[in-house]
Every structure is written in structure tokens, then in C-alpha cells.
Amino acid sequence: MQKMCCFSPEYYERSRNILENALKDLSAYKSWQAFDPGPRYHIDTRYASMPALTKKDIREHFPDGFVPSGKDIKQGLESGEIEFVKTSGTCDVSVTNIWNQKWWDESERLSWKLNSHSARLATGTHNEAILANPINVGFISNDADLPVGKRRLVRFLYLNEKTDPALWTPAFMDRMTDELGEFKPAVFEANPSLLAKLCRHIAERSKPVFQPGLIVLTYEYPSVLHYRQIRRVFGSPIASSYGSTETGYVFMQCEEGKFHQNSESCRIDFQALKPGHGGHGIGRILVTPLSNPWYRIIHFDVGDLVRLDESGDCPCGRNSGIILSAIEGRMTTATLTLAGRLVTLRELDNIIGGLSGVDEYRLEQTGKDSYDLFIVSQRNDKNALAGEASNLLKKLYGDGAKISVSYENAIFPESTGKYRLAKADFPINVEDYIDKDCISEGK
Ligand SMILES: [Zn+2]
């Protein structure tokens with residue numbers, strides 16, 4: 001299923017060195033030695049034999065269990081080469097990681113090659129506007145508005161300092177729009193739900209807005225609704241960038257819309273879901289950064305589901321590794337049908353995307369057969385919209401599904417600063433859905 005022909009000998013060499021050194025030297029991976037079939041086996045088979053590293057494992061062995069011999073944590077911290085950062089991963093318990101800016105920047109730089117617009121525009125000195133929740137990046141100031149000078153950092157301009165988008169007044173959103181025109185960013189990096197909110201405002205004002213060379217969506221799953229709202233205002237190319245604090249930049253969407261593995265920066269092992277769950281070609285990814293000198297994260301379950309591209313090819317011609325047709329959303333945004341089939345966020349989102357006049361939504365599965373849908377909409381015929389939504393969700397989850405639709409003035413981000421479009425109020429363990437036969441056959 002997974003095309004292997006395209007990886008370089010260096011890719012395998014680095015994969016092997018990292019695994020072998022970790023098994024030998026690092027306490028976090030000591031117990032993994034028992035799973036290793038040994039050097040006689042292909043490195044892909046050896047990785048496939050390993051368990052998945054989880055955030056729980058990181059918490060248990062942090063930091064010493066992950067730092068290669070020869071690196072002195074105390075010295076690294078004192079010199080500023082590394083720091084400890086607490087992540088607020090969507091929907092997950094937070095975890096502390098080692099942050100090495102040089103490695104991160106290099107991983108980002110390598111990802112730029114995977115999209116022709118970023119390859120052209122992202123020089124490393126280009127100016128970039130960022131629209132994110134300041135809990136994730138930037139400067140926080142909920143009371144007073146920060147002047148532009150207090151939101152600049154080297155080549156970046158942070159457009160938003162409010163942790164709660166409900167604090168965005170029309171004047172505040174006008175400020176963001178005006179600043180785009182003044183700063184003229186080559187690249188505009190944005191959290192999709194926040195950008196969609198800004199775009200609803202801009203569309204209402206029907207004022208022209210500066211068009212950056214490329215919009216990069218990151219931090220969150222971009223919904224069909226987000227794209228629709230963004231497209232009303234921006235004609236710029238849009239690319240989705242996918243990664244995490246632990247792994248660096250993992251996938252970049254090319255100009256043809258497919259996702260390419262950043263294989264100069266990381267190794268990816270794909271594990272398919274059991275047939276019938278999520279849809280064909282869907283599985284989780286286990287990521288191993290290949291060049292982080294300080295922090296050895298191996299076979300890490302990033303917590304997202306992805307869909308392999310069936311053809312394994314892309315019209316853009318890039319052949320850097322695994323090609324995805326889509327990111328399917330986090331495991332913690334998956335829901336179940338009445339029959340127990342796993343539904344990814346993307347599958348749900350495509351269905352909700354069929355409704356017109358929906359600004360925002362959130363779906364909560366409160367029990368095995370009950371689903372609450374919260375909608376923000378300007379439509380006048382709210383009852384008709386609720387009926388349409390209910391019918392669509394019954395088609396997805398099953399005729400007997402109990403669907404409740406209610407209207408909100410706004411949907412709020414979680415304490416992580418990120419929105420969560422769907423959730424189940426009970427645990428869904430990814431391990432129960434992985435096709436174990438597929439892994440042992442090394443497919
Ligand atoms: Zn491509």
C-alpha cells in the first residue's frame with residue numbers, strides 16, 4: 001500500500017541509526033528492545049514491530065530518556081540552544097517538550113520545497129503575518145490593544161493578541177485588515193477558524209483586502225466552511241501545513257492540493273485502520289524526526305488520521321515520500337455511527353459542508369446513539385436548516401440516531417486556544433481500530 005521506492009538510502013540510514021542508538025542508549029526506549037526483530041530485518045519491519053510512542057511516554061521519561069549521550073541538558077538550557085516548552089495540543093493533555101529553534105527552522109525550510117509558492121516566496125527573510133491564538137504563538141493582551149510595534153518579532157507580525165475571539169470588535173478586525181495592507185506579507189500564516197471569522201467580517205464590509213502571495217493554514221483542521229469563507233475574500237493560493245511541536249514539519253500541501261511527506265526532516269510509518277472504519281486508505285501516522293540533535297522522538301503517534309493517496313502520484317511531480325490525499329482530523333475528533341463505524345472529522349465535515357449559511361459548528365456525540373449539533377448561522381429559516389442538518393446526520397450515523405440541533409451566537413475555542421469541531425464524550429482508543437494484520441505483514 002505504502003510506496004517505498006522513493007526513499008533515499010540516507011533516509012533508511014538515518015532511520016536505522018536513530019532507532020538502533022535509541023534502543024541501545026535511551027531509557028525511554030529500553031523496553032522496546034524486546035520488540036526489535038534485529039538487524040537482519042529491513043528497517044521498515046523493525047519500525048513496524050515497535051510500539052507507538054505516546055504523550056504519556058513522553059511525560060514519564062522526560063527529559064533524560066530522550067536526550068542522546070553527549071548532549072548536556074543543563075548546558076543546552078543555559079546557552080539558550082534549547083528550552084522546555086509546554087504544548088497545548090488540541091484535545092490532549094499538555095506535555096512538555098524540548099524545543100530547539102535551529103532544528104525547527106530547518107524542518108520548516110525543508111517543507112517549503114514541497115509547494116511551488118512557498119518555494120518561491122519563502123526565503124527565510126520574507127515578511128510573514130500570523131493570525132493565531134496568542135496562546136499558541138505571539139503576544140497575549142486581552143485588556144489593552146497592543147500597538148503594532150509590540151506585535152512584531154523579527155520578520156513576523158502577529159495580528160491578534162486576544163485569547164478569546166469573542167473580544168474581536170468590528171474595529172479590531174478592521175485593524176487586522178488594515179495591517180495586512182500596510183505590512184504586505186509575502187506569506188500569511190493563519191489558524192483557519194480565526195481567518196474564517198476575519199473573512200466573514202471583511203466580506204460583510206465588502207472592502208478590498210491585501211492579497212498575500214500564499215496563505216498557509218496551520219494549527220487546526222481546516223473545515224470546508226473555513227475554505228468557503230476564506231475564498232470569498234482571498235484569491236491567494238492556500239496551502240495547509242501539517243506538523244507538531246514533537247515532530248517538526250511533517251506534511252506540506254503542494255499547489256495541486258495533495259500532501260507530501262517532508263522526508264528530509266522526518267520518517268513516517270503509516271498504520272491502516274481496520275477495513276470498514278473511516279474509509280479506504282485511512283490510518284494513523286507514527287513520526288520519527290530524522291535530524292533533531294537534542295530530542296529523540298521515535299514512532300510518535302501524533303494523534304491524527306490521514307488518507308493515503310490511492311495513485312501514490314501527484315501531478316506536481318514531487319516524489320519525496322508518502323503522498324496523502326487528505327488529513328482526516330484528530331483521533332479525538334472522531335465519532336462513531338450507531339453500528340460502531342468510526343467517522344473521521346473530514347467525513348463529518350464534508351457532510352456539514354453540504355449545508356448552506358452555516359458560519360460555525362460543533363458536533364458532540366454524547367452517547368452511543370445521541371449527537372448534539374451546535375450551529376452559528378445568519379439564516380432566517382432556522383427550523384428548515386435544523387431539519388436539513390438532522391437528515392444529513394441521520395444518513396451518516398444511522399436512522400435511529402437521536403440528533404439535537406441548537407443555535408449559538410458563537411462557538412468558543414477550547415482552553416488550548418484551538419477550536420474542536422467534533423468530539424465524542426467517551427473514549428475511542430485508536431489501538432482498537434488499527435489493522436494489526438496489516439502491520440505484521442509489513443504493508
Ligand atoms: Zn504534489
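Our subject is the structure that appears above.
As the structure is a computational prediction, the values presented were derived from the model and not from experiment.

**Some remarks on the sheet that holds strand 17 (residues 358–367)**
- Spatially, the 4 strands line up as an open sheet ordered 19-18-17-20, and their pairing is mixed. The strands lining the two open edges of the sheet, one partner per strand, are strand 19 (402–407) and strand 20 (422–424). Averaged over all neighbouring strand pairs, the angle between strand axes comes to 15 degrees, with direction disregarded.
- Alignment of strand 18 (residues 370–377) against strand 19, held across 6 bridges, turns out to be parallel. Across the sheet, the residue bridging to L373 is V405, located in strand 19.

**Quick notes on the sheet that holds strand 4 (residues 152–153)**
- Here 12 strands make up an open sheet; going across it, the order is 4-5-3-6-7-8-9-10-14-13-12-11 and the pairing mixed. Each having just a single partner strand, strand 4 and strand 11 (266–272) make up the two edges of the open sheet.
- Sheet topology places strand 4 next to strand 5 (residues 156–158); 2 bridges connect them, and they run antiparallel. Note that in strand 5 the partner of R152 across the bridge is L157.

**Section: the packing of helix 7 (residues 170–183) against helix 8 (residues 192–205)**
- In the contact formed by helix 7 and helix 8, the axes pass within 10 Å of each other and the chain directions differ by 95 degrees. Classified by the angle between their axes, helix 7 and helix 8 sit roughly perpendicular to one another. Contacts between helix 7 and helix 8 involve P170, M173, M176 and T177 from the former and L198, H201 and I202 from the latter.
- Considered class by class, the residues forming the contact of helix 7 with helix 8 number 5 nonpolar, 2 polar and no charged.

**As for helix 1 (residues 9–25)**
- The end-to-end C-alpha distance of helix 1, which contains 17 residues, comes to 24 Å, matching closely the 24 Å that a straight helix rising 1.5 Å per residue would cover.
- Along helix 1, the residues that are buried comprise Y11, S15, I18, L19 and A22. Each buried residue of helix 1 sits inside an arc of 90 degrees when the element is viewed along its axis, so together they form one side. Exposed residues on helix 1 whose side chains face more than 90 degrees from its buried face are P9, E10, E13, N17 and K24.
- Those residues of helix 1 that are buried are in contact with helix 2 (43–49), strand 11 and strand 12 (282–289).

Conventions and cut-offs
- Residues numbered from 1 in each chain as written.
- Predicted model: local features only at pLDDT ≥ 70, side-chain atom pairs only at ≥ 80, totals over all residues.
- Pairing = 2+ DSSP bridges.
- Helix = DSSP H or I, 4+ residues; strand = E, 2+ residues; numbered from the N terminus.
- Axes fitted to C-alpha atoms, helices over the stretch in contact; angles between N-to-C directions.
- Parallel < 35°, antiparallel > 145°, perpendicular 65-115°, else oblique.
- Contact = placed C-beta atoms within 7 Å.
- Nonpolar A, V, L, I, M, F, W, Y, C, P; charged D, E, K, R; others polar.
- Expected span 1.5 Å × (residues − 1).
- Buried ≥ 20, exposed ≤ 12 C-beta atoms within 10 Å, placed from the backbone.
- Arc of directions from axis to C-beta.

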